[in-house]
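Structural characterization, general
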Amino acid sequence: MKNPILTIPTAPIAGMKPGTSGLRKKVTEFQQPHYLANFVQSIFNAVRPTEGFTGQTLVLGGDGRFFNLEAAQLIIRMAAANGFARVLVGQGGILSTPAASCVIRKHQTFGGIILSASHNAGGPAGDFGIKFNAANGGPAPEHLTEAMYAASQVITEYGTVDTPDVDLHRLGTQDVVGMAVEVIDPVADYAELMGRLFDFPKLRALFASGFRLRFDAMHAVTGPYAHAIFEGLLGAPAGTVVNGTPLPDFGDHHPDPNLVHAKALYDVMMGADAPDLGAASDGDGDRNLIIGRGLFISPSDSLAMLAANAHRAPAYAQGLAGIARSMPTSGAADRVAAALGVPCFETPTGWKFFGNLLDAGKVTICGEESAGTGSDHVREKDGLWAVLLWLNILAERRQSVADIAREHWATYGRNYYTRHDYEEIDTAAAHQLMAGLRDQLPSLPGRTVAGKQVQLADDFSYLDPVDGSVSAKQGVRVVLEDGSRIVYRLSGTGTAGATLRVYIEQFEGDPARHDLPTQDALAALIAAADELARIRELTGRTEPSVIT
Ligand code: G16
């Protein structure tokens, strides 16, 4: 009989350096001969234990975007050739990022491959992405992503098998050259976990009492999960979930739950007959957007409010061990941590940096300004989890989102916060701008910016308190005497040109000043941010592409 295992000669392809969250490129780049196979083999080469993958299980799934199914078939063949015993794959190649993390942990597998470019646009002209999550369910830490990149630069061959496609729509087990491919319901394990974290009977009663939620799945992966959980298990009326069918091109939209791409939801929530809670998630289901009737809750505030109220949900009734936030995320969570008497950790941007803190039991809740919040229940940020925690809090407090927010600000003060993104700017100009800022750092302390003295100016460096690793150059911070901040960094998730992110924050303790429009409250700092970095001059842009 012909040996079905094939060894295909190949050569390194440049540019396979994973960014903030895996390798993201244009679909057309992934479709180049050997491109995806080279990277998948580089992952396997980087993570292979000395004893090989014998007896090991790999989890596989993605956000349903264009090229997801072809990629899944290729990875299954390569997993068989590389000696895995079993692949657990979501039906239709679907698994949200948090659900993949849940499955990896629950079934104690070796790890998983997630196919997603998150909130980036899909379709043949859009983006594709691939990331590896380790046995703890979390994104590969930096030493592993570096090892994958190194492997991609010396690769000479990859393994695959010559077999027909697996039927990814049929639940149950199929055989690929001795490897078991188990097609699983992508929602079941995740929904069961949510049922253990939250008070589902109370949430059912909330919906039965007429509470109205509008959840926009943005034609991305959370559709099936949201239908099953909100409209199925919790009895919310049909129509609660909108855009709930995953489409390969996300209906030609960016599945990015922000005020630009989820504007339709925002408009509904600002309208006369708005529901009680509006929420959305992104391409792969790890981000969330929260809008109360008439009030948008910034992700940084949402993290702080969830942390302050988490004890109202069964899973967190015993309190929090600690909170973690990424550096550019506002200090609102720090104030909650101080009041709770628990530590607050400040990490670089990238969920992977929370993994060690969660594994070591140092933190229970984490969050980022980029619309990500999560807890120690999995090792990814989790969009639906955040919505369910908000629902649990609303069911317990029986107040509106806006009332909860105003009470929160009255108690802790308000950290006015905005992020300005300049997308797809010239890469050379972006690097020039960052270099210019770094050059200014030594001379900034003591200077006056926006009428206040600069207290600290640095390029953020993180010392991981668990494994002692250091991650340098994680964003330029300019901190003023009253704690106001301007932070600059280049995004690590874009696929075209460079994206400059400018994060601006100012604390306001006076409740009489808690209802200002955010951009007005921050106007002086916004102007100073442009001046310091010469944004208009160097990028040619007169305004940001996205304001959050
Ligand atoms: C990823 C990371 C997040 C990060 C975000 C934005 O999210 O997991 O930790 O905050 O990218 O990163 P950047 O500012 O470098 O573009 P996602 O939802 O895209 O996987």
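Before any of the text, the structure's been laid out above.
Residues numbered from 1 in each chain as written. Predicted model: local features only at pLDDT ≥ 70, side-chain atom pairs only at ≥ 80, totals over all residues. Heavy atoms only, no water.

**So, the overall build of the chain**
Summing up its helical and strand segments, the chain has 18 helices and 27 strands in all. Relative to the globule expectation of 24 Å for 548 residues, the C-alpha radius of gyration of the chain, 23 Å, shows essentially globular dimensions. C-alpha atoms of the chain, sized along the principal axes, occupy 80 × 60 × 40 Å. The buried share among the 548 residues of the chain stands at 59%. The long-range fraction of contacts in the chain, counting pairs at least 24 apart against all pairs at least 6 apart in sequence, stands at 72%. (Helix = DSSP H or I, 4+ residues; strand = E, 2+ residues; numbered from the N terminus. Rg over C-alpha atoms; globule rule 2.2 N^0.38 Å. Buried < 20%, exposed > 50% of the residue type's maximum accessible area, 1.4 Å probe, protein only. Contact = heavy atoms within 4.5 Å.)

**Re the environment of Ser42**
Among the structural elements, Ser42 can be located in helix H2 (residues 35-47). The buried category is assigned to Ser42, whose relative accessible area is 0%. Residues Ser42 and Ala151, 109 residues apart in the sequence, show an inter-C-alpha distance of 5.1 Å. Among all residues touching Ser42, those that are not within four sequence positions of it are Met148, Ala151, Ser152 and Ile155.

**A closer look at the site of the ligand**
Taken together, 19 residues form the shell around the ligand, and within it Glu368, Ser491, Gly492, Thr493 and Arg501 come nearest. At a separation of 2.9 Å, an oxygen atom of the ligand approaches a polar backbone atom of Trp351. With respect to the ligand, the side chain of Glu368 contributes an N or O atom lying 2.6 Å from an oxygen atom. The protein chains hide 99% of the 460 Å² of surface that the ligand would expose on its own. (Near = heavy atom within 4 Å. Polar contact = N/O pair within 3.5 Å; in protein donor to acceptor, adjacent residues only side chain to side chain. Areas by Shrake-Rupley, 256 points an atom, 1.4 Å probe, with all protein chains shown as cover.)

**Considering the environment of Tyr149**
Tracing the backbone shows Tyr149 in helix H5 (residues 142-152). For Tyr149, a relative accessible area of 21% corresponds to the partly exposed category.

**Regarding the nonpolar core**
With 74 residues, the main nonpolar core has Phe230, Trp385 and Leu391 as its most contacted residues. When residues in this core are grouped by element, the largest group, eleven residues, is from helix H13 (residues 383-397). If you look at the next biggest cluster of nonpolar residues, it comprises 45 residues, including Leu36, Phe53, Met78 and Tyr158. (Core = buried A, V, L, I, M, F, W, Y, C linked by side-chain atoms within 4.5 Å.)

**What to know about the packing of aromatic side chains**
Aromatic ring pairs: the centre-centre distance and the angle between the two ring planes describe each pair. One pass over the full model with this rule turns up 15 aromatic pairs. Taken together, a centroid distance of 5.1 Å and an interplanar angle of 80° make the contact between Phe67 and Phe128 edge-to-face. One end of the pair, Phe67, is in the loop between strand S3 (57-62) and helix H3 (68-81); the other, Phe128, is in strand S6 (residues 127-133), and 61 residues separate them in sequence. For the pair Phe67 and Phe128, one class covers both residues: buried. A centroid spacing of 5.8 Å and a plane angle of 80° characterise the contact between Phe207 and Phe211, whose relative ring orientation is edge-to-face. Looking at Phe207, the relative accessible area reads 6%, which means it is buried. Given the relative accessible area of 11%, Phe211 is considered buried. Put simply, the rings of Phe44, Phe53, Phe84, Phe110 and Phe132 pair up and form one aromatic cluster. (Phe/Tyr/Trp six-rings, centres within 6.5 Å; stacked < 30°, edge-to-face > 60°.)

**Overview of the packing of helix H8 (residues 222-233) against H13**
Viewed as axis vectors pointing N to C, H8 and H13 meet at an angle of 25°, and their least axial separation amounts to 11 Å. With respect to H13, the element H8 is oriented roughly parallel. Here H8 runs over H13; the crossing is right-handed. Of the residues in H13, those touching H8 at Thr222, Tyr225, Ala226, Ile229 and Phe230 are Leu384, Val387, Leu388 and Leu391. (Axes fitted to C-alpha atoms, helices over the stretch in contact; angles between N-to-C directions. Parallel < 35°, antiparallel > 145°, perpendicular 65-115°, else oblique. Left-handed = near helix turned anticlockwise from the far one by under 90°.)

**Let's talk about the sheet that holds strand S19 (residues 414-425)**
Reading across the sheet, the seven strands line up as S20-S21-S24-S25-S26-S19-S27 and stay open at both edges, with antiparallel pairing between neighbours. The two strands at the open ends of the sheet, each matched to only one other strand, are strand S20 (448-449) and strand S27 (546-547). Here S19 runs beside S27; their pairing, made up of two bridges, is antiparallel. Of the residues in S27, the one forming a bridge with His420 is Ile547. (Pairing = 2+ DSSP bridges.)

**Things to note about the sheet that holds strand S13 (residues 288-292)**
Overall, mixed pairing links the five strands, which are arranged S11-S10-S12-S13-S14 in an open sheet. In this open sheet, the two edge strands, each paired with only one partner strand, are strand S11 (241-242) and strand S14 (295-297). Bridge count for strand S12 (residues 277-281) against S13 is five bridges, and the pairing is antiparallel. By the bridge assignment for S13, Ala279 is matched with Ile290. Against the sheet, H13 contacts strand S10 (213-216), S12, S13 and S14, and its axis sits at roughly 165° relative to S12.

**Comments concerning H13**
When the terminal C-alpha atoms of H13 are compared, their 21 Å separation across 15 residues agrees well with the 21 Å that a helix rising 1.5 Å per residue should span. Of all 15 residues in H13, 14 are buried; the element is thus mostly enclosed. The opening residue of H13 is Asp382, an N-cap whose side-chain oxygen sits 3.4 Å from the backbone nitrogen of Leu384. Downstream of H13 by one or two residues, Arg398 has phi in the positive range, about 55°. (Expected span 1.5 Å × (residues − 1).)

**Brief notes about the packing of helix H10 (residues 299-309) against helix H11 (residues 332-340)**
Any two packed helices are characterised by the angle at which their axes cross and by the distance between the axes. Look at H10 against H11: their axes get within 8 Å of each other, and the N-to-C directions meet at 15°. On the basis of the axis angle, H10 is roughly parallel to H11. Along this stretch, H10 crosses H11, giving a crossing that reads as right-handed. Of the residues in H11, those touching H10 at Ser300, Asp301, Leu303, Ala304, Ala307 and Ala308 are Ala332, Ala333, Val336 and Leu340. A per-class count over the contact of H10 with H11 returns eight nonpolar, one polar and one charged. (Nonpolar A, V, L, I, M, F, W, Y, C, P; charged D, E, K, R; others polar.)

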